[in-house]
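# Residue-level structural notes
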Amino acid sequence: MKTRRGLAIAALAVLAAFAAAGETPAAAQSANGIEVTVDQPRITAVIGDRITIGAHVTNSGSTASDPLIAHLNVASLTGTYVDLEDWTAAPTQHVQPVDAHATTALSWEIQAVNAGRFDVYVAVLPNGLTSSGSGPAVASSPVEVTVAGKRTLNAGGSLPVVIAVPLILGGAALAARLRLRRR
Amino acid sequence: MTTLVNGEIGETATRPATTRGQGDWVVVAGQESRDLWLSGRGPLLLFAFSVLLSVFTYLAATNRAINFLEQREAVDQTLQIAIAVGVLVTLLVSADAISGERERGTLESLLLAPVSRRAIVIGKLVAALTLWFAAFVVSVPYVWVLGHGVSIVRTALLLGLGVGTLLAVGLAAFGLLISALCSSNKVSLAISFFLLLAFFAPSQLPGGLPKGWFGDVLGKISPVGSGLHYSTAVLVHGHGWTRDLVYLISPLVLAVLASAALLILSERIVRLTAGGER
Amino acid sequence: MAKTSLEARRLTKRFGSRTAVDGVTFTAEPSEIVGLLGPNGAGKTTTIRLLTTVLTPTSGEFSVAGVPSTQPNEIRRRVGVLPESAGYPAHQTGREYLTYFARLFGMNRSESSRAASRLLEEMDLQDRASSPLSTYSRGMRQRLGIARAMVNDPDVVFLDEPTLGLDPAGQRQVLRNVREIAADRGATVILSTHTLTEVEEVCNRVLILGEGRVLVSGTVAEVTSAVAAPRTATLRVPDSEVGVARQILAGLPGLTIAASGERPDLLRIRRSGRDGMNTVLQALLAADVTVLSFEVEGTRLHDAYLALTGAAPEESSE
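Since the model is a prediction, treat every value here as computed from it, not as a measurement.

### Describing the overall build of chain A
Within chain A, the secondary structure is distributed over three helices and ten strands. The secondary structure elements of chain A, listed N-terminal to C-terminal, are α-β-β-β-β-β-α-β-β-β-β-β-α. In chain A, once contacts between residues fewer than 6 apart in sequence are set aside, the share between residues at least 24 apart is 72%.

Structure representation (structure tokens):
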């Protein structure tokens, strides 16, 4: 009886370990107990869409953390050149020290300015008086962002405006001249 | 009304009250605007402006390689053209407003009317600004064509209206000041044009502004350059509305100072001869 | 009740070191037409500009229609002015022009439109009311300028060279308008002009300015008699005695002689002093010179003007 119970507990422990290592957004852990998770594993968007990337920084350690820096990164999976400043003007956020066993929520608003597939992830670095500039860095698992392209500008679509506006204004200018001459 | 005449106090007939006073600037603005638009000058300027925008828009639209970012930049450039041309024509019209009337001999009749000099300059300022607003309205369809696919039309139009109006008011007031102080119309137009170029120059330097504090100060001092910088920061780089507000300081200072100087000095400088009575 | 509609006391205007108007003092009454005479640079236009508040006096004071100079806006409500070199906006029509100024004088749209129509009719411009001012002749523009000067039914009207550049018919019409303004409306008219015949024809009083000062003022008769104007006479002697006559005349003080062009026997004599011509005739007769004719010209405003200013009045040009 005892042996069967012990085996069950061991099996459960193994299963739990496997579950923890599974595909659901996993917490990345650092030696100082800081973990960062993202809220969703994948996002689909059309070029130009504004997307909110949410993340949580958890302090599983026993003491409050140092001040932290959370930096958003965008990496192209299809070789497209990415200029982070085009996606977001404020990739870096300063995080106040997180209390022991507490969680802080962060979010970034980005605009999908390139078409293709991208990984968006968050890296957290310590920024305390003594810990600044030293590691370890903790990275979240990536959010896979798929951006579909869209052709929104074409010659045909612009023709009505580029022709009509000068025509109308030219007509008005001519009418004004003729009105003066007729007087 | 009692008056002292020949050492005796007596009564004189009082005129019927046909005064308006505060609405005089409206009458001046109305007539100046009619002269500007019905004489054909205004429509012709707008027509030329629309041709310029049409060429630019069509080139952008036929560029198959244009991507999302470049389309945003195209919208920003359209806005810059609209602001640049709009404030240019506004400045040139206001630079002609007083010195031109002096040369054409029509200023004396205006000075003989019971209208304060302040009302005259306000009326002329408003009339000059109609050119800016008309240029902005003309640019709206072009901004829509270029920007609706990248969802920045509303932002672009708000930026254009705000930054452009600030610059137009400042430069129009400045132009009127120059016009009142210059002895000839040619000099007034030349000075105004030169000043506008000087305001534009920092934003057009090859390689951009010099790095360091000097470039920073230069970029913020020039009202036109810094106004356009603000517009680009919000439209192209996605900055928040308040992040780069420091770049709106010099356009605002120009608008406030030039307008205040014009209103305060109008009684002294709007005279038959430039520079007061010497 | 004070009747004076215009009073200027020691009005002075300096532009730097140059004194354009120096201590001008005069008055004008309702319905009076006062002529302002003087050579170029005498200060006529500057005086008008001071009285109409376009310029500020360096010193002195004035009142127009009872309004002191400290209230320039009120003065502008009460005066009408035709400036000497008024320009007209090329693209405005006559009606638009008058309507605009009527509105500037405080009338609403309908009042100003009616006033414009009435004035255009009075100035015989109703047929060209909708034509742009660039198509108006000079005479039409002058009449339009007078109409604009009357738009506010002024107490005092200043007309600076209103007949300049007009043909004789145009001049007559303007002078007729001037008379009507004074007689029918009771307004005071200050008429600045170079044309002395105009002054003699329409003005009740005349002021002759020179170098910014009032040289003389009064009615035409008072001015011509007050000034010791040089007399002129035309003398005709036989050709053979021209030389003797000239010799005798040369010996008389204050006398100038000019030959009358192609007629050497006609001598034009100018002499200052009221009784000068008697001694000329006496001298010639005493020398046994045969005097064929001797015509003395009466003293005219022209002569008074010349005597005072030393300059010949300009005839109207164009």
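Picking up where we left off.
### A few points about the overall build of chain C
Assigned secondary structure in chain C consists of eleven helices and 14 strands. Overall, chain C is about 80 × 45 × 40 Å in size when its C-alpha atoms are taken along their principal axes. Sequence separation of at least 24 residues holds for 69% of the intrachain contacts in chain C that already meet a minimum separation of 6.

### Let's talk about the nonpolar core
The nonpolar side chains of a soluble globular protein tend to be buried with one another. Ranked by internal contacts, the top residues of the largest apolar core, which has 190 residues, are A135, A172 and L176 of chain B together with V189 of chain C. With 18 residues, the single largest contributor to this core is helix α6 (residues 117-147) of chain B. Once residues lying within four places of it in the same chain are set aside, the contact partners of V189 of chain C are I33, V157, L159, V178, I181 and A182 of chain C. If you look at the next biggest cluster of nonpolar residues, it comprises eleven residues, including L249, M277, V280 and V289 of chain C.

### Let's talk about the sheet that holds strand β5 (residues 67-68) of chain C
Strands in a sheet are paired, the pairing made by backbone hydrogen bonds, and the direction either parallel or antiparallel. All names here are of chain C. With antiparallel pairing, four strands are arranged side by side in an open sheet as β2-β1-β4-β5. Single-partner strands in this sheet number two, and they are β2 (18-28) and β5. The pairing of strand β1 (residues 6-15) with strand β4 (residues 59-64) spans five bridges and is antiparallel. When the sheet's bridge partners are listed, E7 is paired in β4 with S63.

### What to know about the packing of helix α2 (residues 41-62) of chain B against helix α3 (residues 68-97) of chain B
Residues and elements named next belong to chain B. Between α2 and α3, the shortest axis-to-axis distance is 11 Å and the interhelical angle comes to 165°. If you check the angle between α2 and α3, you find them roughly antiparallel. In the packing of α2 onto α3, the handedness of the crossing is right-handed. Residues L45, F49, L52, L53, F56, T57 and A60 of α2 form the contact with α3, whose participating residues are A74, T78, I81, V85 and V89. For the contact of α2 with α3, the per-class residue count stands at ten nonpolar, two polar and no charged.

### Regarding the confidence of the model for chain A
Averaged over every residue, the pLDDT of chain A is 82; residues scoring 70 or more account for 80%. Note that pLDDT drops below 50 for residues 16-27 of chain A; the model gives that stretch eight contacts with residues more than four away or on any other chain.

### Concerning helix α1 (residues 44-51) of chain C
All names here are of chain C. Of all eight residues in α1, eight are buried, a share of seventy percent or more. Within α1, burial applies to K44, T45, T46, T47, I48, R49, L50 and L51. Where α1 terminates, the next one or two residues include T53, which has phi positive at roughly 70°.

### Observations regarding the sheet that holds strand β7 (residues 156-160) of chain C
Residue and element names in this part refer to chain C. With mixed pairing, six strands are arranged side by side in an open sheet as β6-β7-β8-β3-β9-β10. Each edge of the open sheet carries a strand with a single partner, namely β6 (79-82) and β10 (213-218). Going across the sheet, the axis of each strand differs from the next one's by a mean of 15°, ignoring polarity. Sheet strands in contact with helix α5 (residues 138-149) are β6 and β7, and its direction is about 165° off that of β6. Sitting on the sheet, helix α6 (residues 168-185) touches β3 (33-37), β7 and β8 (188-192), and the angle it makes with β8 is about 155°.

### Quick word on the pairing of β10 of chain C
Residue and element names in this part refer to chain C. For strand β9 (residues 205-210) and β10, the ladder comprises five bridges, and the chain directions are antiparallel. The residue bridging I208 from the neighbouring strand is V216, located in β10. With antiparallel pairing between neighbouring strands as the criterion, β9 and β10 make up a hairpin whose turn holds two residues, including E211 at a positive phi of roughly 50°.

### Overview of the packing of α3 of chain B against α6 of chain B
Residues and elements named next belong to chain B. Running from N to C, α3 and α6 cross one another at 165°; their axes reach a closest spacing of 9 Å. When the interaxial angle is binned, α3 and α6 end up roughly antiparallel. Crossing hand, α3 versus α6: right-handed. Counted by class, the contact of α3 with α6 contains 19 nonpolar, seven polar and one charged residues.

### A short note on the environment of V81 of chain C
With respect to the secondary-structure elements, V81 of chain C resides in strand β6. Exposure remark for V81 of chain C: the 27 C-beta atoms within 10 Å place this residue in the buried category. Spatially, the C-alpha atoms of V81 of chain C and F158 of chain C are 4.7 Å apart, while their sequence positions differ by 77 residues. When residues no more than four places from it in sequence are discounted, the contact partners of V81 of chain C are L112 of chain B together with T52, A149 and F158 of chain C.

### Observations regarding unusual backbone geometry
One non-glycine residue, D124 of chain C, adopts positive backbone phi at about 60°. Mapped onto the elements of the fold, D124 of chain C is located in the loop between α4 (109-122) and α5.

### Points about the confidence of the model for chain C
In this model, chain C carries an average pLDDT of 87, and 91% of its residues clear a pLDDT of 70 or more. Across chain C, the element-wise mean pLDDT spans from 72 in helix α11 (residues 301-309) of chain C up to 96 in helix α3 (residues 94-104) of chain C.

### Concerning the environment of G238 of chain B
Along the chain, the position of G238 of chain B falls in the loop between α10 (223-235) and α11 (249-269). Linking G238 of chain B and S151 of chain B, residues 87 residues apart in sequence, is a C-alpha distance of 12 Å. Beyond its immediate chain neighbours, meaning those up to four positions away, G238 of chain B contacts T88, A89 and Q111 of chain A.

Analysis parameters
Numbers given for residues are sequential positions, taken from 1 along each chain in its written order. All chains are assigned letters beginning at A, and all ligands numbers beginning at 1, according to the order in which they are written. Selection of residues for local features in this predicted model requires a pLDDT of at least 70, selection of side-chain atom pairs for listing and counting requires 80 or more, and totals for whole chains, interfaces and linings are taken over all residues. Only DSSP runs of H or I with at least four residues qualify as helices, and only runs of E with at least two residues qualify as strands; both kinds are numbered from the N terminus onward. Residue pairs qualify as contacts under a 7 Å threshold applied to their C-beta atoms, which are placed from the backbone. Under the definition applied here, buried Ala, Val, Leu, Ile, Met, Phe, Trp, Tyr and Cys residues are grouped into a nonpolar core through C-beta atoms within 7 Å. Exposure is read from a count of other C-beta atoms within 10 Å of each residue's own; the residue is exposed at 12 or fewer, buried at 20 or more and partly exposed in between. C-beta atoms are placed from the backbone. Pairs of strands are assigned from DSSP output, requiring at least two bridges between the strands. For helices, the fitted axis covers only the stretch in contact; all axes are lines through C-alpha atoms, and the angles between them, taken along N-to-C directions, range from 0 to 180 degrees. Each angle gets one of four labels, with under 35 degrees taken as roughly parallel, over 145 as roughly antiparallel, 65 to 115 as roughly perpendicular, and the rest as oblique. Less than a right angle of anticlockwise turn of the near helix away from the far helix marks a crossing as left-handed, whereas a clockwise turn marks it as right-handed. All residues other than Ala, Val, Leu, Ile, Met, Phe, Trp, Tyr, Cys, Pro, Asp, Glu, Lys and Arg, Gly among them, are scored as polar; the first ten of these are nonpolar and the last four charged. A residue's pLDDT is simply how confident the predictor is in it, with values from 0 to 100.

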